[in-house]
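Here is how the chains run, residue by residue.
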Amino acid sequence: MPPVRLAQGKANTALDRLNAQLAGDPNNPKVLNDRGVHYYKLRRYQDAVNDFSAAIRSNSSYELAIYNRALTYARMRQRAAAIQDYSQLLRMKPTTVKYWAARGALYNHERNYSNALSDYGKAISLKADNANYYVQRGNIYMNSRDDTRAIEDFTKAIQINPKYAYAYYSRAWVRRTRTRELDLALVDYTKAIELNPKFASSWFERGGMYLRQEKFDQAVADLTKAIGISPNSPDFLNLYAWSLFKAGRGQEGMESVNKAIKLRPRSAAFRDTRGNIHAAAGRVKLARVDFEEALRLDPKLTATRAALARLTSPPGQSGERRSFSGSAESGQAKSTTSGAPATTDASNREGSSSRRYATGYKETGSASSKRGASEPYEAKSGPAANDPSAPIAQ
């Protein structure tokens, strides 16, 4: 959840009040902590860290300030520092489950899967009914290529919370890309969509499956939904254009693939998509330009190279017609999704990692998504042992 922006007038008033308090008592840890929270809300993260650190210097056991600094370091992607703060918190409060989960998520980001699994295992031992912890540990198992245990954890999450759409989505992703249980994956994607139709990646992934099954109209329908939710995702736009091309409606996808290329100009696969659309429409010169650029960006695209050769060969050579139903690069690179999301929309694909991050995904529209799970607390909101999803006190 992004930090809340304060209206400038309110922010100035609050900071003026806190500055005035600190002028009379410059080492007051509570006031330093509260000013750090306000700096955080203004995205002045280094100033926030400075104030939290000053609060800790005034009171080395000030749990709330240590927690807030850990959150801020994580937001700044200074994960080693955040891990260090969570480790200190765990020495102070070893039964606080959210500290184990937060440190485990950071270890996962750092690809330290052994420590990440250990921390999530501890979190689960302390709170075995938390479906989200099972999903996040499942993501870590998946990252470490233990797909059997990943599916077991996603299934356990579903047993705890049968309406947890992201658990179905996560299990579908492993079943589709790793264990190749395609029928089961399709069922899981469909259930994820039923439970949360606003999560674009479920539509995108199922659309990709339909595309590979040559169910082009169904693919177009799903990918239309995906770009309706996330209109600026280059991967969604490209696969939507490719599905229209495969459905015999390539020209309808030209606007989308143009936008995808503008958003990610160094994508070879996107150029290949547009090259195929141009070729099918008889725009040979434009097709050649796109195929050549695709090969410049990625010389390993052998099917694109073959498509370019067909395009430049004389008609009728070796009895072959210049027919374009799509190169293997287009059909495969666009409909076989290899990456997966960590929070919001994550899906593909080209140039992305297959790792998934335990980041505390929140379902769109759920009660938990309305609360700030990763923002610092003012001192008046209570100790850091409060529910980590509690709202920031104003």
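The following refers to the structure shown. Given the structure is predicted, the values throughout are model-derived calculations rather than measurements.

### Some remarks on the pattern of salt bridges
Under the defined criterion, the tally for this structure stands at 22 salt bridges. One salt bridge in this structure joins Asp188 and Arg175, with 2.9 Å as the shortest N-O distance. With Asp188 in helix H11 (residues 182-195) and Arg175 in helix H10 (residues 165-177), the pair connects residues that are 13 residues apart, well separated along the chain. Under the relative-accessibility criterion, Arg175 is labelled buried at 11%. Each of the salt bridges in this network shares a partner with another, and the network as a whole consists of Arg171, Arg175, Glu181 and Asp188.

### A short note on the packing of helix H14 (residues 234-246) against helix H15 (residues 254-263)
Contact pair H14 / H15: the axes reach a minimum separation of 8 Å and the direction vectors enclose 150 degrees. Classified by the interaxial angle, the pair formed by H14 and H15 is roughly antiparallel. Considering only the axes of H14 and H15, their crossing is left-handed. On H15, the residues that touch Pro234, Leu237, Asn238, Tyr240 and Ala241 of H14 are Ser256, Val257, Lys259, Ala260 and Leu263.

### Topic: the packing of helix H9 (residues 147-160) against H10
Where H9 meets H10, the closest approach of the two axes is 9 Å, and the angle between their N-to-C directions is 160 degrees. It follows that H9 is roughly antiparallel to H10 by the angle criterion. Note on packing geometry: the crossing formed by H9 with H10 is left-handed. Residues Asp147, Ile151, Phe154, Thr155, Ala157 and Ile158 of H9 form the contact with H10, whose participating residues are Ala167, Tyr168, Ser170, Arg171, Val174 and Arg175. Of the residues assigned to the contact of H9 with H10, the class counts are 7 nonpolar, 2 polar and 3 charged.

Conventions and cut-offs
Residues numbered from 1 in each chain as written. Predicted model: local features only at pLDDT ≥ 70, side-chain atom pairs only at ≥ 80, totals over all residues. Heavy atoms only, no water. Salt bridge = Lys/Arg side-chain N within 4 Å of Asp/Glu carboxyl O. Helix = DSSP H or I, 4+ residues; strand = E, 2+ residues; numbered from the N terminus. Buried < 20%, exposed > 50% of the residue type's maximum accessible area, 1.4 Å probe, protein only. Axes fitted to C-alpha atoms, helices over the stretch in contact; angles between N-to-C directions. Parallel < 35°, antiparallel > 145°, perpendicular 65-115°, else oblique. Left-handed = near helix turned anticlockwise from the far one by under 90°. Contact = heavy atoms within 4.5 Å. Nonpolar A, V, L, I, M, F, W, Y, C, P; charged D, E, K, R; others polar.

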